[in-house]
Amino acid sequence: MLQESTNSSDSRKQVRALFISDLHLGFTDSKADEFLDTLRQYKPKYLYLVGDIIDEWRLKKSWFWNSVYSELAKIIWKLQKEGTKVFYTPGNHDHYLRHRKFKVRTVKVSDEFVHIAADGRKFLVIH
């Protein structure tokens, strides 16, 4: 069940968690515009980036990075400043992150996470 609330000074709907995978930033036909629209509408407490967000394979062949991709990064950093916890699970197209257990700013990077739902159920988050 998705619980939403609005803040009078912020028109975005507050949600507990958002999960996104397979954006493949670097491809001209990625769904970055749709994800950007989602982030403009919702303010999650937890944001899970579940693999293949950035497509290293494609970027190595032909560099493509547009203003929408940069705007996505800005919005994610802004969400973090506002308290959203961001988790990144690498996939096969962004595997270069897999062997690095580190934080990018405050983005937690790991092969897997356990998300605890509002009702206490646990979900394994992997790509």
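Everything below is about the structure shown above.
Heads up: these notes are all about the structure in this document. (Residues numbered from 1 in each chain as written. Predicted model: local features only at pLDDT ≥ 70, side-chain atom pairs only at ≥ 80, totals over all residues. Heavy atoms only, no water.)

### Structural notes on the overall build of the protein chain
Right, on to step 1. Each helix and strand in the protein chain was counted, giving three helices and eight strands.
Right, on to step 2. What you see in the protein chain, going N to C, is helices and strands ordered as β-β-α-β-α-α-β-β-β-β-β.
Right, on to step 3. Put simply, the protein chain has 127 residues, and 41% of those count as buried.
Right, on to step 4. Pairs at least 24 residues apart make up 70% of the contacts formed inside the protein chain by residues separated by at least 6 positions. (Helix = DSSP H or I, 4+ residues; strand = E, 2+ residues; numbered from the N terminus. Buried < 20%, exposed > 50% of the residue type's maximum accessible area, 1.4 Å probe, protein only. Contact = heavy atoms within 4.5 Å.)

### Let's talk about unusual backbone geometry
Right, on to step 1. Backbone geometry places D22, a non-glycine residue, at a positive phi of 55°.
Right, on to step 2. Of note, the phi angle at D52 is positive, near 55°, even though the residue is not glycine.
Right, on to step 3. Mapped onto the elements of the fold, D52 is located in the loop between β3 (42–50) and α2 (56–61).
Right, on to step 4. A relative accessible area of 2% places D52 in the buried class.

### Focus: helix α3 (residues 67–81)
Right, on to step 1. The terminal C-alpha atoms of α3 lie 21 Å apart, and with 15 residues this matches the ideal 21 Å at 1.5 Å per residue to within 8%.
Right, on to step 2. V68, Y69, L72, I75, I76, L79 and Q80 are the residues of α3 that are buried. Each buried residue of α3 lies within a common arc of 140° when the element is viewed along its axis, so the set occupies one face. Of the residues in α3, the exposed ones pointing more than 90 degrees away from the buried face are S67, K74 and K81.
Right, on to step 3. Turning to α3, the residues buried within the fold contact β2 (10–20), α1 (32–41), β3, β4 (85–89) and β6 (107–109).
Right, on to step 4. One side-chain oxygen at the N-terminal end of α3 lies 2.9 Å from the backbone nitrogen of V68; it belongs to N66.
Right, on to step 5. Taken from the residues just after α3, G83 is the one with a positive phi, measuring 110°. (Expected span 1.5 Å × (residues − 1). Arc of directions from axis to C-beta. Polar contact = N/O pair within 3.5 Å; in protein donor to acceptor, adjacent residues only side chain to side chain.)

### Examining the pairing of strand β7 (residues 113–116)
Right, on to step 1. Covered by surrounding structure in β7 are F113 and H115 only, the residues V114 and I116 on the alternate face being uncovered.
Right, on to step 2. Direction of pairing for β7 relative to strand β8 (residues 122–125): antiparallel, over a ladder of four bridges. Paired with H115 across the strands is F123, a residue of β8.
Right, on to step 3. Between the end of β7 and the start of β8, which pair antiparallel, lie five residues, with G120 showing a positive phi angle near 95°. (Pairing = 2+ DSSP bridges.)

### So, the environment of S110
Right, on to step 1. Residue placement: S110 occurs in the loop between β6 and β7.
Right, on to step 2. The sequence separation of S110 and I126 amounts to 16 residues, and the corresponding C-alpha distance is 9.0 Å.
Right, on to step 3. A polar contact is formed between the side chain of S110 and the backbone oxygen of E112, at a distance of 3.3 Å.

### Some points on α1
Right, on to step 1. Looking only at α1, the buried set comprises A32, F35, L36 and L39. Seen from one end, α1 has its buried residues packed into an arc of 105°, which puts them on one side.
Right, on to step 2. Buried-residue contacts for α1 involve β2, β3 and α3.

### Focus: the nonpolar core
Right, on to step 1. Counting 23 residues, the largest nonpolar core has F35, L39, L49 and L72 as its most contacted members.
Right, on to step 2. Going through the elements one at a time, β2, α1, β3, α3, β4 and β6 are the ones with two or more residues in this core.
Right, on to step 3. The greatest single-element share of this core, amounting to six residues, is contributed by α3.
Right, on to step 4. Dropping the residues within four chain positions of it, L49 is found in contact with I20, F35, I76, V86, F87, Y88 and T89.
Right, on to step 5. Within the second largest apolar cluster, seven residues are counted, among which are A17, Y48, V50 and F87. (Core = buried A, V, L, I, M, F, W, Y, C linked by side-chain atoms within 4.5 Å.)

Coordinates in, geometry out; function isn't part of it.
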